[in-house]
Amino acid sequence: MSGDSYPYAVEALDLGKKYRRGWALQECSFRLPAGCVSALVGPNGAGKSTFLGIAARLLRPTTGSLRLFGMEVSDPAALQRAAFVDQERPLYKGFTVAETLRLGRELNPHWDQATAERIVEAGKVPFGARIGTLSSGQRTRVALALAFGKRAELLLLDEPMADLDPLARHELSSLLLSEVAERGLTVLMSSHLLSELEEMCDHLVVLSGGRLRMAGYADQLVPAHRLITGLADPGPGTGPNDNGVLPSGFAERHTVIESRITGRQFTALIHGGSELDDSYESVEPTLEEVLLAYLRSTEAPALITPGAAVSATAVPASQKGRAA
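Numbering of residues starts from 1 in every chain and runs along the sequence as written. Residue-level local features of this predicted model are given only where pLDDT is at least 70; pairs of side-chain atoms are given and counted only at 80 or more, and the full residue set underlies all totals for whole chains, interfaces and linings. Where side-chain values are given, they derive from all heavy atoms of the structure, hydrogens and water being excluded.

**Side note on the nonpolar core**
- In this text, buried Ala, Val, Leu, Ile, Met, Phe, Trp, Tyr and Cys residues form a nonpolar core when linked through side-chain atoms within 4.5 Å. Only protein chains enter the accessibility calculation, which uses a 1.4 Å probe; a residue is then buried when its area is under 20% of its type maximum, exposed when over 50%, and partly exposed in between. Ranked by internal contacts, the top residues of the largest apolar core, which has 56 residues, are Leu144, Leu155, Leu157, Leu176, Met189, Leu204 and Met214.
- For Leu155, the residues in contact, after removing those within four places along its chain, are Ala83, Ala147, Phe148, Leu176, Leu185, Thr186, Val187 and Leu188.
- In this structure, Leu40, Phe51, Ile54 and Leu156 belong to the second largest nonpolar core, which totals 32 residues. Here, two residues are considered to be in contact whenever any of their heavy atoms come within 4.5 Å of each other.

Right, here's the structure in full:
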């Protein structure tokens with residue numbers, strides 16, 4: 001649809017949204033490279049839907065800016081290049097599937113009827129069935145048919161796998177990956193469960209409490225960490241059930257993201273390649289272990305890989321994290 005090759009599909013700069021009850025999103029700055037499939041992950045209330053709502057022009061930001069393919073999100077041309085599937089799947093329940101696709105055709109100048117029909121037919125969804133009679137998985141498939149039929153370059157998907165049974169989840173995952181591979185699309189899809197999206201996504205954006213915690217390619221985020229176990233130093237207590245403490249100087253020599261002590265043994269997730277004592281056991285953590293550590297340890301600075309970071313001069317001081 002577009003002849004340019006702008007390298008970033010999404011660029012958020014100090015993006016924030018405030019309601020009367022407080023900030024739903026604040027000081028959010030990152031870049032999403034074009035052509036990747038990214039998971040937008042975080043607990044409920046983390047700010048995921050707020051971010052996607054701003055990207056879909058359903059919400060106006062309170063602070064900062066958001067660009068899609070180099071254009072301000074308020075530019076009508078940017079809206080034409082993105083398609084949004086809301087987690088509520090707000091389709092007209094009285095319309096048939098065929099009428100829903102016709103509506104998509106009337107509203108989108110670059111509509112691809114053949115692709116939309118193929119996605120519906122692949123799920124054996126009757127074109128004459130009314131939306132209100134469809135299952136959750138069928139409604140999601142119709143919503144995705146509208147998104148793909150628009151021929152957008154960026155798909156914004158809010159909880160696309162929510163309320164689906166395992167079979168429907170597998171079918172929709174296969175659908176997304178095949179369409180993305182065929183068209184070279186960029187996808188940003190949210191979930192509060194990394195396990196839903198881990199196998200599908202090569203890029204990760206993590207929000208917690210309305211703030212950015214991590215952003216970058218998973219194969220860069222994970223190897224930057226080590227999971228260390230070893231013998232803890234004796235604690236201040238003297239009883240047999242008293243827990244120990246981290247070895248003397250450990251926190252000074254290593255960037256500790258999270259640590260736990262059970263009895264006389266400690267486990268710590270560290271960032272960076274500092275030299276380790278031979279008495280420690282060191283393994284590469286899983287993506288889930290890294291993610292949970294950053295979500296639990298909110299005092300740790302945000303971790304943003306170079307490809308996901310915006311200009312250092314444009315990032316708020318509170319969000320200047322380390323490069324992985």
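**Comments concerning the pattern of salt bridges**
- What counts as a salt bridge is simple: a side-chain nitrogen of Lys or Arg found within 4 Å of a carboxyl oxygen of Asp or Glu. Considering all chains together, one arrives at seven salt bridges under this definition.
- In this structure, the salt-bridge partner of Arg183 is Asp112, at a minimum N-O distance of 3.4 Å. In this pair, Arg183 sits in helix 6 (residues 166-183) while Asp112 sits in the loop between helix 3 (97-107) and helix 4 (113-122), placing the two residues 71 residues apart along the sequence.
- We note a salt bridge from Glu258 to Arg296, for which the minimum N-O separation is 2.6 Å. Of this pair, Glu258 sits in strand 12 (residues 255-262) while Arg296 sits in helix 10 (residues 287-296), placing them 38 residues apart in sequence.
- Shared partners join several salt bridges into a network, and the residues in it are Glu11, Arg31 and Arg67. Secondary structure elements are taken from DSSP: a helix is a run of H or I of four residues or more, a strand is a run of E of two residues or more, and numbering for both begins at the N terminus.

**Structural notes on empty space enclosed by the protein**
- Cavities and pockets were defined on a 1 Å grid built over protein atoms only: a cavity is a set of grid points that admits a 1.4 Å probe from which the probe cannot escape, a pocket is an open set flanked by protein on both sides within 12 Å along at least five of seven lines, and lining residues are those with an atom within 4 Å of any such point. Grid points are joined across faces, edges and corners, and a volume is the space filled by probe spheres set on the points. All told, the structure shown has one cavity of 30 Å³ or more when counted by the stated rule.
- For the lining of the largest cavity, the secondary-structure elements that each account for two or more residues are helix 7 (194-197) and strand 9 (203-208).
- Split by residue class, the lining of the largest cavity holds seven nonpolar, one polar and two charged. Polarity classes work like this: nonpolar for Ala, Val, Leu, Ile, Met, Phe, Trp, Tyr, Cys and Pro, charged for Asp, Glu, Lys and Arg, and polar for all others, with Gly in that last group.

**Some thoughts on the sheet that holds strand 5 (residues 71-72)**
- Here, a strand pair is defined by DSSP locating no fewer than two bridges between the strands. Pairing within the open sheet is antiparallel, and its four strands lie in the order 2-1-4-5. At either margin of the open sheet sits one strand with a lone partner, and together these are strand 2 (22-33) and strand 5.
- In the sheet, strand 4 (residues 63-68) pairs with strand 5 via two bridges, with the strands oriented antiparallel. Among the inter-strand pairings, Arg67 is bridged to a residue of strand 5, identified as Glu72.
- For helices, the fitted axis covers only the stretch in contact; all axes are lines through C-alpha atoms, and the angles between them, taken along N-to-C directions, range from 0 to 180 degrees. Contacts from helix 1 (residues 48-55) reach strand 1 (8-19), strand 2 and strand 4, with the element oriented near 115 degrees to strand 1.

**Focus: the packing of aromatic side chains**
- Ring pairs shown here join Phe, Tyr and Trp side chains whose ring centres sit within 6.5 Å, with only the six-membered ring taken for Trp; geometry is labelled stacked below 30 degrees between planes, edge-to-face above 60, and tilted in between. Across all of its chains, the model carries five aromatic pairs by this definition.
- Ring geometry for Phe250 against Phe266: centres 5.2 Å apart, planes inclined by 65 degrees, an arrangement best described as edge-to-face. One end of the pair, Phe250, is in helix 9 (residues 250-253); the other, Phe266, is in strand 13 (residues 265-271), with 16 residues separating them in the sequence.
- Classification of Phe266 by relative accessible area gives buried; the value is 0%.
- An aromatic cluster is built from Phe250, Phe266 and Tyr280, whose rings are joined through pairwise contacts.
- Here the guanidinium or amino end of Lys17 rests over the ring plane of Tyr19, the centre of that ring lying 5.3 Å away.
- In our convention, an over-ring charge means Lys NZ or Arg CZ found within 6 Å of a ring centre and within 35 degrees of that ring's normal. If you follow Arg31 out to its NZ or CZ, it ends over the ring of Tyr8, 4.6 Å from the centre.

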